[in-house]
Number of protein chains: 2
Amino acid sequence: MTLIAVDAGGTRTRAAVIDRRGRLHGLGIAGPGNPTAVGREAADAAVVAALAEALAAAGTPAERIKGGAVCSAGQHDADRVRAILAGSGMSAETPVVLVGDAVGAYLAVADEPTGLALVVGTGSVAIRVEGTRIAEVFDGAGWLLGDLGSGFWLGQAVAQAVAADIDGRGPRTALTADVLARIASADVSSWGGGRHPELLQLLRHCYAAPPVELAAFAELAFAHARADSVAARIVETGAKHVAATLRAARASAPGTPIAGSGSVLIRGYLGTDAHPNVLATELADTDFRRCDDGLVGAAMLALHEAGVPRTLALREELEAAITRSRAGR
Amino acid sequence: MTLIAVDAGGTRTRAAVIDRRGRLHGLGIAGPGNPTAVGREAADAAVVAALAEALAAAGTPAERIKGGAVCSAGQHDADRVRAILAGSGMSAETPVVLVGDAVGAYLAVADEPTGLALVVGTGSVAIRVEGTRIAEVFDGAGWLLGDLGSGFWLGQAVAQAVAADIDGRGPRTALTADVLARIASADVSSWGGGRHPELLQLLRHCYAAPPVELAAFAELAFAHARADSVAARIVETGAKHVAATLRAARASAPGTPIAGSGSVLIRGYLGTDAHPNVLATELADTDFRRCDDGLVGAAMLALHEAGVPRTLALREELEAAITRSRAGR
């Protein structure tokens, strides 16, 4: 029995063709697959490309696929994903489950029936997993109503601090020069009078793009946190928000494993040279497990849906195979 | 010489037909004229309706208008406003200046050549006025990058606090019941599992509308500030932000008059039964002048543009005429 697994993330999309013993037959890699970040068309195209490559590498015709699982960051539309898969040549009746990347992160590192996952990338969310399903969601309320401490939240805080530096409402910060260096200068002469030219550039740049693109500034907060008090304050406040999300999740399932993933969590708040923060402290005495490969979780879910029991041995087999294949590329 | 003055605000739009001695010949009132809040079409229609009523009341054919001024909240497009005026029958060559409502607020209450205006409604901005022009802008950076402490900012903080109450990340707050009572319940069964139903309702409601509509929740923060610590904290933080904006503006022109307007400033932070806040304290020892009628400022600007010197007597004449006319309706 041949199955597919797809991990559509904010940085790249990967697909695997596997069998029921956890053996890897083919792997495919494509660009970002988060529709919230790159738009539906590009995200869909990435899923198609990664899947096509994996099927080609496995030498498996798409119509032989008997089932699968897709773990994705952002808001994928289940019907659209099924249409994509049908477009790849798979039968429309092939059962493929679609879950958020937080579920994939949990299944990639834990076999316990109940546990938590914390994912902080462009967004920020914690979930409690029961079996292979989401039992409860904490934050993940999106850029307008939540995702507190996320990449978007940090990037917006950076942009707001720069705006306040420029017009004198807030303290000077090293963030300003870095942010201004990243935005293209444009003709702002038709805008209203009395505006500071640098602030006009920033307004023009940020309002021309979807709000979530502010997440691009998040890394500047971490980069400056050691030497700049404004950046340090942003990181500390963000860490407090994510810690509150984690605490609410932990209260719902004390003592269970916590899977962690997302670039802002792993390379930011928990980065090796990170500014000390309350989130790192909060995680110190927990059963925290870093998820390095959501594709393993997607594969575990595909197998589970096909009736294969989840075991540590199976997970280790998949992890080793995917790691080997990745190293060979 | 006959002139027009228009004050297009978030609550209503008013137009006046005046002569060079500051006498009022006709007044017109229509609905909200802030394009950022109600959309361009509705805002444009309000300007047309108010102007038509004022011209009819004055018995003045539009082609006799020799000039005028339009003060507007939000981002009106100067070319569009001129097209609207031409559509009302005015000659395309008639000089009409278009300025932000903060300028109107200043000119309505001050004759000094240099001074400040602070306007906090859906947005939040301070300006320094030199003559009749904006010399410098503080905040007013919009809902994504600034407008800190504004109606949008407060409403977003309320919605975020409610989201955090519902999923246990934040403290319980009386805001939750009020916010949930205001949003229509809808079918959310197709959304992902594990979400608290009330939070789903909130997400669905807020993401379906333009972000600035969150400003509708701002009044709840003030209403609960005395009895609810979450609401009190939101108002205090908002007041700190507006105070920082004001401080930056004051540093640019110490000791000058400060015109204040906007429902969030006047009825919120400075409301008669307002929770004590740092903004009220900051304004206590300044030459603060509350602007009750931006139309007076628009009329002063129209006269100035027509070469009539700004004097206190002229301003008092206009104010009295407009107040009388308003009382008679």
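Refer to the structure above for everything that follows.
Below, the structure is looked at part by part. The structure displayed is predicted, hence computed values, not measured ones. (Residues numbered from 1 in each chain as written. Chains lettered and ligands numbered in written order. Predicted model: local features only at pLDDT ≥ 70, side-chain atom pairs only at ≥ 80, totals over all residues. Heavy atoms only, no water.)

### Description of the relation of the copies chain A and chain B
Mapping one chain copy onto the other needs a rotation about an axis and a shift along that axis. How we decide: Residues below a pLDDT of 70 in either copy are left out; the C-alpha atoms of the rest, at least 70 in both, set the least-squares superposition of the copies. A contact between two residues is defined here by any heavy atoms of the two lying within 4.5 Å.
With an RMSD of 0.1 Å, the fit of chain A onto chain B corresponds to turning through 180° and sliding 0.1 Å along the axis. As the rotation angle and translation indicate, the two copies are arranged about a two-fold axis. Among all residues of chain A, the minimum C-alpha distance to the rotation axis is found for Leu 144 of chain A, at 4.8 Å. A shared interface surface links the copies, since 100% of the contact residues of chain A are contact residues in chain B too.

### Points about helix α8 (residues 197–207) of chain A
Applicable threshold: Partly exposed describes any residue whose relative accessible area lies between the buried limit of under 20% and the exposed limit of over 50%, with all areas from a 1.4 Å probe on protein chains only and scaled to the type maximum. Helix and strand definitions here come from DSSP, where helices need a minimum of 4 consecutive H or I residues and strands a minimum of 2 consecutive E residues; each element is numbered from the N-terminal end.
Taken residue by residue, α8 of chain A has Leu 199, Leu 200, Gln 201, Leu 202, Leu 203 and Cys 206 of chain A as its buried positions. Tucked into the core, α8 of chain A has its buried residues touching α6 (151–166) and α7 (175–182) of chain A together with α5 (142–145) of chain B.

### Brief notes about the interface of chain A and chain B
Basically, it comes down to this: Once two parts are brought into contact, the accessible area they lose, counted with a 1.4 Å probe and summed over both, makes up the buried area. Here a salt bridge means any side-chain nitrogen of Lys or Arg lying within 4 Å of a carboxyl oxygen belonging to Asp or Glu. In protein, a polar contact means a hydrogen-donor-capable atom and an acceptor-capable atom, both N or O and within 3.5 Å, with residues adjacent in sequence counting only if both atoms are side-chain atoms; elsewhere, any N or O pair within 3.5 Å suffices. Residues were grouped as follows: Ala, Val, Leu, Ile, Met, Phe, Trp, Tyr, Cys and Pro as nonpolar; Asp, Glu, Lys and Arg as charged; and all remaining residues, including Gly, as polar.
With 35 residues of chain A in contact, the opposing surface of chain B contributes 35 residues. Note on chain A versus chain B: buried area summed over both sides is about 3,000 Å², and carbon and sulfur give 58% of it. Broken down residue by residue, the surface that chain A buries against chain B is led by Leu 144, Leu 145 and Arg 169 of chain A, which jointly contribute 27%. Between chain A and chain B we count 2 salt bridges in total. The salt bridge partner of Asp 139 of chain B is Arg 169 of chain A, with a shortest N-O separation of 3.4 Å. Scanning the region where chain A abuts chain B turns up 26 residue pairs in polar contact (both at pLDDT 80 or more). Among the secondary structure elements, those contributing two or more residues to the side of chain A that touches chain B are β8 (133–139), α5 (142–145), α6, α8 and α10 (229–252) of chain A. Of the residues forming the side of chain A that touches chain B, the biggest block, 6 residues, is contributed by β8 of chain A. In terms of residue class, the side of chain A that touches chain B is built from 20 nonpolar, 10 polar and 5 charged.

### Some remarks on the nonpolar core
Within soluble globular proteins, side chains that are nonpolar tend to cluster in buried spots. What counts here: The criterion is simple. A nonpolar core is a set of buried Ala, Val, Leu, Ile, Met, Phe, Trp, Tyr and Cys residues joined through side-chain atoms within 4.5 Å.
Among the nonpolar cores identified, the biggest contains 102 residues, and Ile 234 and Leu 279 of chain A together with Ile 234 and Leu 279 of chain B are the most heavily contacted of them. Not counting the four nearest positions on each side in its chain, Leu 279 of chain A is found in contact with Leu 118, Ala 239, Val 242, Ala 243, Leu 246, Leu 265 and Tyr 269 of chain A.

### A look at the side chain of Asp 228 of chain B
Residues and elements named next belong to chain B. The following threshold applies: Under the convention used here, Asp and Glu are negative, Lys and Arg are positive, and both His and the chain ends fall outside the count.
Take Asp 228: it is sitting in the loop between α9 (218–224) and α10 (229–252). No salt bridge is formed by the buried Asp 228. Its closest oppositely charged neighbour is Arg 172, at 10 Å. Separated by 3.1 Å, the side chain of Asp 228 and the backbone nitrogen of Val 230 make a polar contact. Here Asp 228 is in contact with Thr 173 and Ala 174, once residues within four sequence places are set aside.

### Description of empty space enclosed by the protein
Residue and element names in this part refer to chain A. Inclusion rule: Within this scheme a cavity is a closed region of a 1 Å grid, computed over the protein atoms alone, that accommodates a 1.4 Å probe without allowing it to escape, whereas a pocket is open but has protein on both sides within 12 Å along at least five of seven lines; lining residues each have an atom within 4 Å of a point. Grid points are joined across faces, edges and corners, and a volume is the space filled by probe spheres set on the points.
In this structure the tally under the stated criterion is 1 cavity of 30 Å³ or more. Space inside the largest cavity adds up to approximately 60 Å³. The wall of the largest cavity is formed by Arg 82, Leu 85, Ala 86, Met 90, Ser 91, Ala 92, Thr 94 and Val 96. Element by element, the count of residues in the lining of the largest cavity is highest for helix α3 (residues 78–87), at 3 residues.

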